[in-house]
Amino acid sequence: MAERPLLGGLEAGGTKFVCAVGTGPDDIRALERFPTTTPEETLGRVIDFFRRQPEPIAALGIGSFGPVDPDPGSPTYGYITTTPKPGWAHTDVAGTLRRALNVPVAFDTDVNAAALGEQRWGAGRGLHTFVYLTIGTGIGGGVIVNGRRHHGRQHPEIGHLFIPRLPGDDRPGHCPFHGDCLEGLASGPAIAARWGRPAPELPPNHPAWDEVAQYLAFGLANLILTLSPQRLILGGGVMHQTHLFPRIRRHVAACINGYVALPDLDTFIVPPALGDRAGVLGALALAEEVMSGLKHGIL
Ligand code: ADP
Ligand code: ZN
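About the cut-offs
Residues numbered from 1 in each chain as written. Chains lettered and ligands numbered in written order. Predicted model: local features only at pLDDT ≥ 70, side-chain atom pairs only at ≥ 80, totals over all residues. Heavy atoms only, no water. Pairing = 2+ DSSP bridges. Helix = DSSP H or I, 4+ residues; strand = E, 2+ residues; numbered from the N terminus. Contact = heavy atoms within 4.5 Å. Axes fitted to C-alpha atoms, helices over the stretch in contact; angles between N-to-C directions. Buried < 20%, exposed > 50% of the residue type's maximum accessible area, 1.4 Å probe, protein only. Salt bridge = Lys/Arg side-chain N within 4 Å of Asp/Glu carboxyl O. Core = buried A, V, L, I, M, F, W, Y, C linked by side-chain atoms within 4.5 Å. Donors = N, O, S within 2.8 Å, 3.2 Å for Na, K, Ca; no water. Near = heavy atom within 4 Å. Polar contact = N/O pair within 3.5 Å; in protein donor to acceptor, adjacent residues only side chain to side chain. Areas by Shrake-Rupley, 256 points an atom, 1.4 Å probe, with all protein chains shown as cover.

Student: Mind showing me how you'd approach the sheet that holds strand β9 (residues 139-145) here?
Tutor: Whether parallel or antiparallel, the strands of a sheet pair through hydrogen bonds between backbone atoms. Pairing is mixed across the open sheet formed by five strands, whose spatial order is β10-β9-β8-β11-β12. Each edge of the open sheet carries a strand with a single partner, namely β10 (148-149) and β12 (269-270). Direction of pairing for β9 relative to β10: antiparallel, over a ladder of two bridges. Following the sheet pairing, Ile 144 is matched in β10 by Arg 149. Set on the sheet, helix α6 (residues 207-227) makes contact with β8 (130-135), β9, β11 (231-235) and β12; between it and β8 the angle comes to about 160°.

Student: Is there a simple way to explain unusual backbone geometry in this structure?
Tutor: Leave glycine aside and you will find that most residues have negative phi; peptide bonds, for their part, are mostly trans. At the junction of Gly 66 and Pro 67, the peptide bond is cis and its omega measures out at 5° in the coordinates. Of note, Pro 67 is situated in the loop between β4 (59-64) and β5 (79-80). Of note in the backbone geometry, Asn 102 takes a positive phi value of approximately 60° without being a glycine. Considering the arrangement of structural elements, one finds Asn 102 in the loop between α2 (93-101) and β7 (105-109). Given a relative accessible area of 69%, Asn 102 falls into the exposed group. Positive phi, close to 55°, is recorded for Asn 257, a residue that is not glycine.

Student: Would you take a moment to explain the pattern of salt bridges for this structure?
Tutor: This structure, assessed with the given rule, holds 16 salt bridges. The residue Arg 52 makes a salt bridge to Glu 32 at a minimum N-O spacing of 3.2 Å. Of this pair, Arg 52 sits in the loop between α1 (39-51) and β4 while Glu 32 sits in strand β3 (residues 27-35), placing them 20 residues apart in sequence. Its relative accessible area of 43% is what places Arg 52 among the partly exposed residues. Residues joined in a network through salt bridges with shared partners are Arg 165, Asp 169, Arg 171, Asp 180, Arg 194 and Glu 211.

Student: Honestly, the nonpolar core in this entry has me stumped. Any pointers?
Tutor: Where a protein is soluble and globular, its nonpolar side chains tend to be buried together. One finds Leu 133, Leu 216, Leu 220, Leu 234, Ile 248 and Ile 269 to be the most contacted residues of the largest nonpolar core, which totals 37 residues. The set of elements that each furnish at least two residues to this core consists of β8, β9, α4 (182-186), α6, β11 and α7 (244-256). Sorting elements by how many residues they give to this core places α6 first, with 12 residues. Excluding residues that lie within four positions of it along the chain, Ile 248 makes contacts with Ala 213, Leu 216, Ala 217, Leu 220, Leu 234, Met 239 and Ile 269. Phe 49, Phe 50, Phe 65 and Phe 107 belong to the second-largest nonpolar core, a separate cluster that totals 28 residues.

Student: Is there a simple way to explain the sheet that holds strand β1 (residues 7-12) in this structure?
Tutor: Ordered by their spatial adjacency, five strands build an open sheet running β3-β2-β1-β4-β7, and the pairing between neighbours is mixed. Single-partner strands in this sheet number two, and they are β3 and β7. Between one strand axis and the next, the sheet turns through 15° on average, direction left out of account. Across the face of the sheet, α1 comes into contact with β1, β2 (16-24), β3 and β4 while running at roughly 25° to β2.

Student: Just checking my understanding: could you explain the coordination of the zinc ion (ligand 2) for this structure?
Tutor: Reference geometry at the metal: tetrahedral coordination by four donors gives ideal angles of 109.5 degrees; octahedral coordination by six donors gives 90 or 180 degrees. Ligation of the zinc ion (ligand 2) by protein atoms is provided by His 160 (ND1), Cys 175 (SG), His 178 (ND1) and Cys 181 (SG), these donors lying 2.1 to 2.4 Å from the ion. Donor residues binding the zinc ion (ligand 2) come from one chain and are separated in sequence as H-x14-C-x2-H-x2-C. Within this pair, whereas His 160 is found in the loop between β10 and α4, its partner Cys 175 is found in the loop between β10 and α4, the two being separated by 15 residues in sequence. Residue Cys 175 is classed as buried on the basis of its relative accessible area of 7%.

Student: Would you explain the site of ligand 1 in this entry?
Tutor: If you check the shell around ligand 1, you find 14 residues, and the closest are Thr 15, Gly 136, Thr 137, Gly 237 and Gln 241. Interatomic distance of 2.6 Å between a side-chain N/O atom of Thr 137 and an oxygen atom of ligand 1. A distance of 2.8 Å separates a nitrogen atom of ligand 1 from a polar atom in the side chain of Gln 241. Across the complex, the protein chains shield 70% of the 560 Å² of accessible surface that ligand 1 would expose by itself.

Structure (structure tokens):
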């Protein structure tokens, strides 16, 4: 059997970058995480990581925080575009790494990459339409429709869906753009700001959690009604609170209220099978796609 080519994956997050070399979940040869600082320093560390590997990679996949330009036909393909993150607006992530490492590069949003990782090796296997949502420092969603990663005009921004405020909730929403969007009500920093304690410190019986589950359920109900997904995969730091899953399932069923028949909720709303590695493994899967494109003479 021919050796599978060695692939590189980069999960470029707003808080941390994760680099990996390998061929899949059971064959990760090296993995490194470091904090996101300036573009020069952070991309420099990425280049250094891949250059110091004993074997060269054949292709690099990148899943990036955004907003990004994921259109391969665009002159700014592979750029982080209008991010409010200081120093990072209009950064040519894919081009910088392609030139430095001299390998073909594939680029998409961090959440589309994670969705691809789950499709290739995890909870999205065998499905044609599903959503991967991360609930962490921000909220974002990657969307697979008819087997393909969805982009649309740019890419969806599911974290900023508008969400109805619950009666009696008079704590301000935390999104600087919208106040009460999903991210403004249910991301890790929103939970901390709205309840005055870091989210990981709130005990499971704290009233914050049922409220968070209800707000997330509103968002998921909107996705169910818009996309008719076969599954909703929920990852990110906040979902380490696993007691949220049964609460979210209950609230989703209550929101939909029988209007559309829902499948078994325990297999419909699930954690990522790849856990916190979905993003970086998805980036490897992007690199794998580049390789198969090369084999078929597409690139
Ligand atoms: P990022 O979104 O930056 O990639 P994470 O997905 O780990 O990283 O999300 C970090 C956010 O999740 C922080 O706001 C943190 O407070 C929150 N978080 C991390 N672990 C937990 C936990 N066990 N319970 C609740 N919130 C958590
Ligand atoms: Zn918002």
